[in-house]
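# Residue-level structure breakdown
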Amino acid sequence: QQQVKQSPQSLIVQKGGISIINCAYENTAFDYFPWYQQFPGKGPALLIAIRPDVSEKKEGRFTISFNKSAKQFSLHIMDSQPGDSATYFCAAATYNQGGKLIFGQGTELSVKP
Amino acid sequence: DAGVTQSPTHLIKTRGQQVTLRCSPKSGHDTVSWYQQALGQGPQFIFQYYEEEERQRGNFPDRFSGHQFPNYSSELNVNALLLGDSALYLCASNVFGLVDWHYGYTFGSGTRLTVV
């Protein structure tokens, strides 16, 4: 019940295309859903996050879509750039627990020029 | 402004040995969490320290223990190392109790532990 399942495992997109990564969770106590970006040799960095009281959040080229009834959420990267090539992780947490993140397995994104 | 710093960056140990990893939180942060990231996997929560006490713990055996010092820095200790303990160990810090704790949740670059 603590798992977060992420797909696909890897993704190849052409420059300018849309990258879509999906996640699903089981624990209905989760109420905070961040996405992290990790480059080789670095720790994960927060990209964008959403609370379940909204269905969509957009920051620049990055958008989170959230479906509470289906217990699914996704990351869309518009106009994908080679610099976006990295590993992306979805995560979930119980907001009032303040700091325990449950991560998905990760998606390795490669954006081809 | 220094972020989260971890040492050492790389470490090779033999099965059965003990290891200590170190973490200095971001300036102004008082809470430290540790994660284990196996190759090709997402980080897994080990435990969290605040006010020098373990506040939350993930599903890890007692071989994994930690400590937090009065200056908020932290150590992760792993005893009786197994080959399966080979991973990137990440430290993250934040300010305890803030409503928007997540915006400041900052990871270090990790310590790569190899057990041979």
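Right, let's walk through the structure included here. (Residues numbered from 1 in each chain as written. Chains lettered and ligands numbered in written order. Predicted model: local features only at pLDDT ≥ 70, side-chain atom pairs only at ≥ 80, totals over all residues. Heavy atoms only, no water.)

### As for the interface of chain B and chain A
Cut-off, in case you're wondering: What makes two residues a contact is simply this: any of their non-hydrogen atoms within 4.5 Å. By definition, the buried area sums, over both parts, the 1.4 Å-probe accessible area that each loses when the two are put together. Salt bridges are defined as contacts in which a side-chain nitrogen from Lys or Arg sits within 4 Å of a carboxyl oxygen from Asp or Glu. Whenever two N or O atoms come within 3.5 Å, that pair is a polar contact, provided that in protein one can donate a hydrogen and the other can accept it, and provided that, for residues adjacent in sequence, both atoms are side-chain atoms. The numbering of helices and of strands both runs from the N terminus, where a helix is a DSSP run of H or I of at least 4 residues and a strand a run of E of at least 2. Throughout, the ten residues Ala, Val, Leu, Ile, Met, Phe, Trp, Tyr, Cys and Pro are labelled nonpolar, Asp, Glu, Lys and Arg are labelled charged, and all others, Gly among them, are labelled polar.
Taken residue by residue, the interface counts 23 residues in chain B and 20 residues in chain A. With both sides pooled, the region where chain B packs onto chain A buries about 1700 Å², and carbon together with sulfur makes up 54% of that total. One can count zero salt bridges joining chain B with chain A. The interface formed by chain B and chain A includes two residue pairs in polar contact (both at pLDDT 80 or more). Of all elements in the fold, only strand S4 (31-37), strand S5 (44-50), strand S6 (53-57) and strand S9 (87-94) of chain B reach the threshold of two or more residues within the side of chain B that touches chain A. Taken together, the residues of the side of chain B that touches chain A sort by class into 10 nonpolar, 11 polar and two charged.

### Comments concerning a nonpolar patch on the surface
Selection rule: Like charges within 9 Å and nonpolar side chains (Val, Leu, Ile, Met, Phe, Trp, Tyr) within 5 Å are joined into patches, using only residues over 30% in relative accessible area that form no salt bridge. Per-residue accessibility takes into account occlusion by the displayed protein chains alone, with areas from the Shrake-Rupley method and a 1.4 Å probe.
A cluster of nonpolar side chains, namely Ile18(A), Ile20(A) and Met78(A), defines an oily patch on the protein surface of about 240 Å² accessible area. Position of Ile20(A) among the secondary structure elements: in strand S3 (residues 19-25).

### Regarding the packing of aromatic side chains
Stated precisely, the cut-off is as follows: By convention, a stacked pair of Phe, Tyr or Trp rings (six-membered ring in the case of Trp) has centres within 6.5 Å and planes under 30 degrees apart, an edge-to-face pair has planes over 60 apart, and any other such pair is tilted. Any Lys NZ or Arg CZ that is within 6 Å of a ring centre and within 35 degrees of that ring's normal is treated as a charge sitting over the ring.
This model, assessed by the stated rule, comprises 19 aromatic pairs over all chains. Cluster of aromatic residues (ring-pair linked, three or more members): Tyr36(A), Phe89(A), Phe103(A), Tyr35(B), Phe45(B), Tyr105(B) and Phe107(B). Sitting above the plane of the Phe96(B) ring, Arg55(B) keeps its charged end 6.0 Å from the centroid.

### A word on the sheet that holds strand S8 (residues 72-77) of chain A
All names here are of chain A. Under the convention used in this document: Pairing between strands requires that DSSP locate at least two bridges from one strand to the other. Axis definition: a line fitted to C-alpha atoms, limited for helices to the stretch in contact. Angles are taken between N-to-C directions and run from 0 to 180 degrees.
If you walk across this open sheet you meet the five strands as S1-S3-S8-S7-S6, and the pairing is antiparallel. Every other strand in the sheet has two partners, leaving strand S1 (4-7) and strand S6 (56-59) as the edge strands with one partner each. Put simply, the sheet's adjacent strands are angled 15 degrees from each other on average, direction ignored. Pairing analysis gives six bridges linking S3 to S8, with the strands arranged antiparallel. Across the sheet, Asn22 pairs through a bridge with Ser74, a residue of S8.

### Some details on the pattern of salt bridges
Under the definition given, this model contains eight salt bridges over all chains. Linking Glu59(A) and Lys57(A) is a salt bridge whose minimum nitrogen-to-oxygen distance equals 3.6 Å. Glu75(B) is the partner of Arg22(B) in a salt bridge, and the nearest nitrogen-oxygen pair spans 3.4 Å. Of this pair, Arg22(B) sits in strand S3 (residues 19-24) while Glu75(B) is found in strand S8 (residues 74-78), placing the two residues 53 residues apart along the sequence.

### With respect to the nonpolar core
Condition: Buried residues of nine kinds, namely Ala, Val, Leu, Ile, Met, Phe, Trp, Tyr and Cys, make up a nonpolar core once their side-chain atoms join them within 4.5 Å. Whether a residue is buried, partly exposed or exposed follows from its accessible area with a 1.4 Å probe, protein chains only, as a fraction of its type maximum: under 20%, in between, or over 50%, in that order.
By size, the foremost hydrophobic cluster in this structure holds 25 residues, and its most contacted members are Val4(A), Phe33(A), Trp35(A), Phe73(A), Leu75(A) and Tyr88(A). Going through the elements one at a time, strand S2 (10-14), S3, strand S4 (33-38), strand S5 (45-50), strand S7 (62-67), S8, strand S9 (86-92) and strand S11 (107-112) of chain A are the ones with two or more residues in this core. If we skip the residues at most four places from it in the chain, Phe33(A) touches Tyr25(A), Ile48(A), Ala49(A), Ile50(A), Pro52(A), Ile64(A), Phe66(A), Phe73(A), Ala91(A) and Ala92(A). In terms of nonpolar packing, the next biggest core, distinct from the first, is built from 19 residues, Cys23(B), Ile46(B), Phe47(B) and Cys91(B) among them.

### Looking at the sheet that holds strand S7 (residues 64-68) of chain B
Residue and element names in this part refer to chain B. Spatially, four strands are ordered S1-S3-S8-S7 in an open sheet, and the strand pairing comes out antiparallel. Only two strands of the sheet have a single neighbouring strand rather than two, namely strand S1 (5-7) and S7. On average, each strand axis in the sheet is inclined to that of its neighbour by 20 degrees, with strand direction left out of account. For S1 and S3, the ladder comprises three bridges, and the chain directions are antiparallel. Among the inter-strand pairings, Gln6 is bridged to a residue of S3, identified as Cys23.

### Things to note about unusual backbone geometry
For the bond running from Ser7(A) to Pro8(A), omega is -5 degrees, close enough to zero to count as cis. Within the fold, Pro8(A) resides in the loop between S1 and S2. Backbone torsion omega between Ser7(B) and Pro8(B) reads -10 degrees, so that peptide bond is classified as cis. Phi at Tyr72(B) is positive, roughly 80 degrees, even though this residue is not glycine. Considering the arrangement of structural elements, one finds Tyr72(B) in the loop between S7 and S8. You will see that Ala80(B), though not glycine, has its phi angle at about 45 degrees, which is positive. Inspection of the secondary structure assignment puts Ala80(B) in the loop between S8 and S9.

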